[in-house]
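One letter stands for each residue in the lines below.
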Amino acid sequence: MIEVVFGGAELRAVTPLLVVVVTAMISLLYEVFNEDHSDPARPVWLSLVGIVGGIVATVALWENGHSAFHGTFALDGVSAFTNVVCLLAAGLSLLMAPGYLTSIGVRAREFYPLVLLAASGMMVMGGARDLIVLFLGIEIMSIAAYVLAGIHRTDVKSGEAALKYFLLGAFATGFLLYGIAILYGATGSTGYDAIAAALPKASKLLVLGGVALLIVALGFKVSAVPFHFWAPDVYQGAPTSVTALMAVGIKAAAVVGFARLFIVALAPLHQDWAMVVWWLAVLTMTVGNVTAVAQNNVKRMLAYSSIAHAGYLLAAIVAGTPRGGGAVLFYLLAYTFMNVGAFAVVISLGRKGEANEQFDDYAGLASRQPLIAAAMVLFMLSLTGIPPLVGFVGKLYLIEAIVQAGYIWLAVIMVLNSAISAYYYLRLIFEMYMRDPAGPASAMEPAPLLIACLLLATVGTIFFGIFPDAPLDFARNSFLALR
Amino acid sequence: MIAFYFIALLTLASALLVVLHRNPIYSALGLVNTLFLIAVSFVMLDAELIAMLQVIVYAGAIVILFLFVIMLLNVESEVRSARISKIGTAGLAFVLLFAVELAVFALVRDPSGAQELPAGFGSTELLAETLFSKGMLSFELTSLLLLVAVVGAVVMARRKVES
Amino acid sequence: MPTNVLTWMIFLPLVGAIVVLCLPRNAANLIRGTATFFTIPPLIMAVWLYQHFDRATSDMQFVTKIPWIPSFNIQYFIGVDGISITMVLLTALLSFICIIASFGIEKAMKAYFALFLLLDAAMMGVFCALDFFLFFVFWEVMLLPMYFLIGIWGGPRREYAAIKFFLYTMVGSVLMLVAMLALYFYAEPHTFDLLELASRSGSYSTGFQRIAWIGLFIGFAIKIPAFPFHTWLPDAHVEAPTAISVILAGVLLKMGTYGILRINYPILPAATLDFAFYLLIALGTWNIVYGALCAMAQTDFKKLIAYSSISHMGYVMFGMATMTSEGINGAVLQMFNHGTVTAMLFLLVGVIYDRAHHREINGFGGLAGIMPFYTGWTALAFFAAMGLPGLSAFISEVLVLLGGWRSYPALTIVSASAVVLTAGYMLWTMQRIYLGKANEKYVGLPDINGREIFTLVPLGIIVVVLGVYPRPVLDLINASLVHLNQVVAGKAQVALATAGNMVP
């Protein structure tokens, strides 16, 4: 007898997702019938309604210990936090999009629904408690992202970015599926709880093989070294608002997917995978930071810095504790504000025809646009991890979790890395404040929505730096509730 | 067991044909062959429905579409460069890695991994039941995935929008 | 006011920074006036603190304690004891003086004064914080304004100096961060409260103490700066504008030794005892001698003063390491005295640099005839720096050496002989700049003006008064330091006894 289960728990689980997806569909249909293309900002509003609706639904409906669809999906604290972070990232990148897309000549209005669809994929990844669901979430998100990366179709670099991203993404998908298949073969299930239960008596060889493949696949998605080669080119080539989404939202979803899988499903194997992820984390942060030092393009520098930050996040996953998971969640929130803010500044400096992404283009920015320069200083310092900004609290929480789990050396390597990172973040500050402008000072007024985005990011960076308590508690408790 | 290895080798050979042959038509036909042989593997695993779907959807529909596209575009045979590129080397390394891994899995067979098949395994009914109970979310998400893919394909394929 | 006075002292300059930022860009006098205005109340409060401070107890006074981030058990916890109150007084005084000394700044002055006030707030915070996390936050916040103040308003190689300063301090502070977290986790229940941590110090194993001690020490040693972490200091000093040099030498360097006394000593007593005998004393001696030798080799006036700072900070480390009440009292007194004396020296270098636009020692000569008042002030400062009897530094250096004589006679002889080196380079510099034939290029130089004298007078008075009658400061610090000394010695005995070791 077929027993179809679709009750309150299921409805609760998918409502935020439905809000976002339905908004995306309405937005697509609206574009079919809409003849008036005069106002580029108009489709943004509809999408923002979807984003806000998704956040509201998440906040209203989440519940710790929740599980639906036979335990394959949940709207618990972890996924609620992920939803909010990813929707925030998507919302902020939507805010910076309209003026920017117009200025680079992209008129594809599918941009907005595609961002929403990518966000829905991220939400699926955050709540996935089953490998198949995780896989589907990754694919929904990634396919939308491939297209977004290439949406600037007249730009060769954008096309190259999309193609590169697509090919390597497809490659990663292969690894992921293969890993899932092997893990399924070893444990007889794809659900996280069932895998955790079956691990003790499963064939160790098969399991480790599967886990290795999963690490490779997820390593691609979080751009961990040595699977990071696509990231700088793609980040640089993609339109900046898409880069912001990729560097923050996609990374957040992938890291949460990683954390949930390894901390929940593969917890019994912690001893085995911890060493591998340890090396992955150390390599990722070190290579990311050292390479970032040598960059002359700000977008590229931010790409390498985002690789380094992926390393920090992986380091907290190494801890394998709920505390580590909570630290990851909080750091993602912190990272969203400061990194999206940095990309918003990059966008605000671009003018028609010239991207102005070199370090030299930032020379003397402080005298040309003092407020934007000051905002950039905040974001750079927060990325470095200077108190009392949010990046510091996030980093502190990561280190705390790592130290508590006994990985002292990992913590030491991490803080030394953040000292290296100070060099290139400061270099940008230095360019803005201590160099004279190279060219004529032609200031372009940033679009109102972009200002809103910058303002939100600034407020978030400062406010959660001084009052981090509420999200900190939430993040910690939501991972504790998973056990 | 011998049948499995035989089919597996044939599958591998036709997959290689897809990648290596210069003429796209041959490649497409090789793909049909590969997919069909995978269907045979499914049959041997008692998954008749999947085997059928494999033949109908992949071999029947998708590859036919490929062939149409190839004919419409009138693609010439590819002119291949003589030396193996860097990516080729990397690919080769991965292939070797996989081969080793597979060999290890095949040689060190652990009987505890194998489980008894439940009654009615592979039947249409059981599959349907799974899809609408345990797999319902996955099933629905797949439709979302397809939607994204369609939208994406349209965006990428559309001619440049006039202002 | 009594309970919140420290909070006001920390946050008034911050309010001032924001107010200054809101002022119109070209209202120069308004900006100067506002900035000065916001440093006066802290100075008045400092005097009030001085009067109402209970000299008989070693407890924390004027305490404020509010939860800040409960999930980490982090508190906004501030208060002062004898060690920190001297530093708070010094900070309040030097901030006021340096604001006045900065009136000559013209480039982007709004930003300059705002950053300066931010720096002021952070320095106050470091000396008042009794929660390690809070301490760290202020410690880091201080970095940024300093980076900008050197990097924007500095000399020709300011970029290099600023980034070097920042990176050195950053490396130190990240190590401090790890040690801080290790302490946090070692304490049960987890806490950042410095007093709580100190009260549990008996339970930390010696091995753990040593590791944590080294982590913290590197962070502080970079700030002192102890050899071999000192190389940022001459660069930063040479490039920084005058007022910033004063703050850097007068207040920032003290944070290193203050941190060791506030954190390493009471929380990690066993390791302190270990390392004081091997590491601290050796580094102190070496700092004294090496700093003096380097100073002797300089031809840049400001660089010479910078190296003399390294040498003088060596006395502080030396005194701390002796573990005697004379030595440690002398060390803290030396921190205060060096703050006033070196501030005078840097202000005086600034005076001549403003007029001649260079600092080559050999490029002057015979200034005594051209600028007699200026020369008089310089002589006072030089004699104070040499440790001439009757001036403040003499007392503290003698106390340090007396303490040292009881613990380390041999090294004390070495350190004491370095006084000769100090006298040597000071007098030689004096001779080259002020005596001899007048350089006709500078015949028309105007003498020191009213504003400059105004900044020097309070420091000069302190230097003379404390040289004759050091009790005002010694009374403040004595109770706390006696207590600290007992704690370290006592707790260390317990810890070492339980670990089965003997005190060396």
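Just so it is clear, the structure is predicted and the values come from calculations on it, not from any experiment.

**Re the overall build of chain B**
Right, so step 1: The helix and strand inventory of chain B stands at 6 helices and 0 strands.
Right, so step 2: Going from N to C terminus, chain B has its helices and strands arranged as α-α-α-α-α-α.
Right, so step 3: Counted over contacts in chain B with a minimum sequence separation of 6, partners at least 24 positions apart contribute 53%.

**A few points about the overall build of chain A**
Right, so step 1: Of regular secondary structure, chain A possesses 19 helices and 0 strands.
Right, so step 2: In terms of overall size, chain A behaves like a compact globule, its C-alpha atoms giving a radius of gyration of 21 Å where 483 residues would be expected to give roughly 23 Å.
Right, so step 3: For the C-alpha atoms alone, the extent of chain A along its principal axes is close to 70 × 55 × 40 Å.
Right, so step 4: Buried positions account for 66% of the 483 residues belonging to chain A.
Right, so step 5: Within chain A, contacts between residues separated by at least 24 positions form 80% of all contacts whose residues are at least 6 apart in sequence.

**Notes on the interface of chain B and chain A**
Right, so step 1: Contacts between the two partners involve 28 residues from chain B and, on the opposite side, 40 residues from chain A.
Right, so step 2: Secondary-structure elements contributing two or more residues to the side of chain B that touches chain A are α4 (86-107), α5 (124-132) and α6 (136-157) of chain B.
Right, so step 3: Sort the elements by how many residues they give to the side of chain B that touches chain A and α6(B) lands first, with 13 residues.
Right, so step 4: The class makeup of the residues in the side of chain B that touches chain A is 15 nonpolar, 8 polar and 5 charged.

**A few points about the nonpolar core**
Right, so step 1: Of all hydrophobic cores here, the largest spans 428 residues; its most connected members are A:Ile317 and A:Ile402.
Right, so step 2: When neighbours within four sequence positions are excluded, A:Ile317 is seen to be in contact with A:Phe258, A:Ala259, A:Phe262, A:Ile263, A:Val277, A:Gly324 and A:Val328.
Right, so step 3: By size, the runner-up hydrophobic cluster in this structure holds 9 residues, among which are B:Ala28, B:Leu35, B:Ile38 and B:Val63.

**Here we look at the arrangement of the chains**
Right, so step 1: For the 2 pairs of chains in contact, the largest share of contacts goes to chains A and B.
Right, so step 2: There is no contact between chain B and chain C; across them, the least C-alpha separation is 37 Å.

**Description of the confidence of the model for chain B**
Residues and elements named next belong to chain B.
Right, so step 1: Averaged over every residue, the pLDDT of chain B is 77; the share at 70 or more is 78%.
Right, so step 2: The least confident element of chain B is α4, whose mean pLDDT is 72; the most confident is α6, at 89.
Right, so step 3: Scored as a whole, the predicted complex attains pTM 0.85, and scored at its interfaces, ipTM 0.87.

**Thoughts on the domain arrangement of chain B**
Right, so step 1: Domain annotation for chain B reports domain 1 (1-77) and domain 2 (123-163).
Right, so step 2: Using C-alpha coordinates to define each centre, domain 1 of chain B is positioned 22 Å away from domain 2 of chain B.

**Brief notes about the interface of chain A and chain C**
Right, so step 1: Across the boundary between the two partners, chain A contributes 25 residues, which contact 25 residues of chain C.
Right, so step 2: Those elements that place two or more of their residues in the side of chain A that touches chain C are α16 (390-404), α17 (408-434) and α19 (469-480) of chain A.
Right, so step 3: Looking at which element gives the most residues to the side of chain A that touches chain C, the answer is α17(A), with 12 residues.

**Some points on the environment of C:Gly366**
Residues and elements named next belong to chain C.
Right, so step 1: Note that Gly 366 resides in the loop between α13 (325-356) and α14 (367-370).
Right, so step 2: Separated by 72 residues in sequence, Gly 366 and Ala 438 place their C-alpha atoms 3.9 Å apart.
Right, so step 3: Apart from the residues lying within four places of it in its own chain, the contact partners of Gly 366 are Leu 435, Gly 436, Lys 437, Ala 438 and Asn 439.

**Regarding the pairing of strand β2 (residues 74-80) of chain C**
Residue and element names in this part refer to chain C.
Right, so step 1: Most of β2 is tucked away, with 5 of its 7 residues classed as buried.
Right, so step 2: Summarising the sheet, strand β1 (residues 61-69) and β2 pair through 6 bridges and their orientation is antiparallel. Paired with Ile 66 across the two strands is Tyr 76, which belongs to β2.
Right, so step 3: Here β1 folds back onto β2 in antiparallel fashion, the turn holding 4 residues, of which Asn 73 has a positive phi close to 60 degrees.

**Side note on unusual backbone geometry**
Right, so step 1: Of note, the bond from A:Val225 into A:Pro226 is cis; its omega dihedral lies within 30 degrees of zero at 10 degrees.
Right, so step 2: With respect to the helices and strands, A:Pro226 occurs in the loop between α8 (204-221) and α9 (230-237).
Right, so step 3: Put simply, A:Pro387 and A:Pro388 share a cis peptide bond, and its omega is 0 degrees.
Right, so step 4: Inspection of the secondary structure puts A:Pro388 in the loop between α15 (370-384) and α16.
Right, so step 5: Positive phi outside glycine occurs at A:His70, with the angle close to 55 degrees.
Right, so step 6: Turning to its location among the elements, A:His70 is positioned in the loop between α2 (42-61) and α3 (77-104).
Right, so step 7: Positive phi, close to 40 degrees, is recorded for C:Ala108, a residue that is not glycine.

Rules used throughout
- Residues numbered from 1 in each chain as written.
- Chains lettered and ligands numbered in written order.
- Predicted model: local features only at pLDDT ≥ 70, side-chain atom pairs only at ≥ 80, totals over all residues.
- Helix = DSSP H or I, 4+ residues; strand = E, 2+ residues; numbered from the N terminus.
- Contact = placed C-beta atoms within 7 Å.
- Rg over C-alpha atoms; globule rule 2.2 N^0.38 Å.
- Buried ≥ 20, exposed ≤ 12 C-beta atoms within 10 Å, placed from the backbone.
- Nonpolar A, V, L, I, M, F, W, Y, C, P; charged D, E, K, R; others polar.
- Core = buried A, V, L, I, M, F, W, Y, C linked by C-beta atoms within 7 Å.
- pLDDT = per-residue confidence, 0-100.
- Domains from an automatic or database assignment.
- Pairing = 2+ DSSP bridges.

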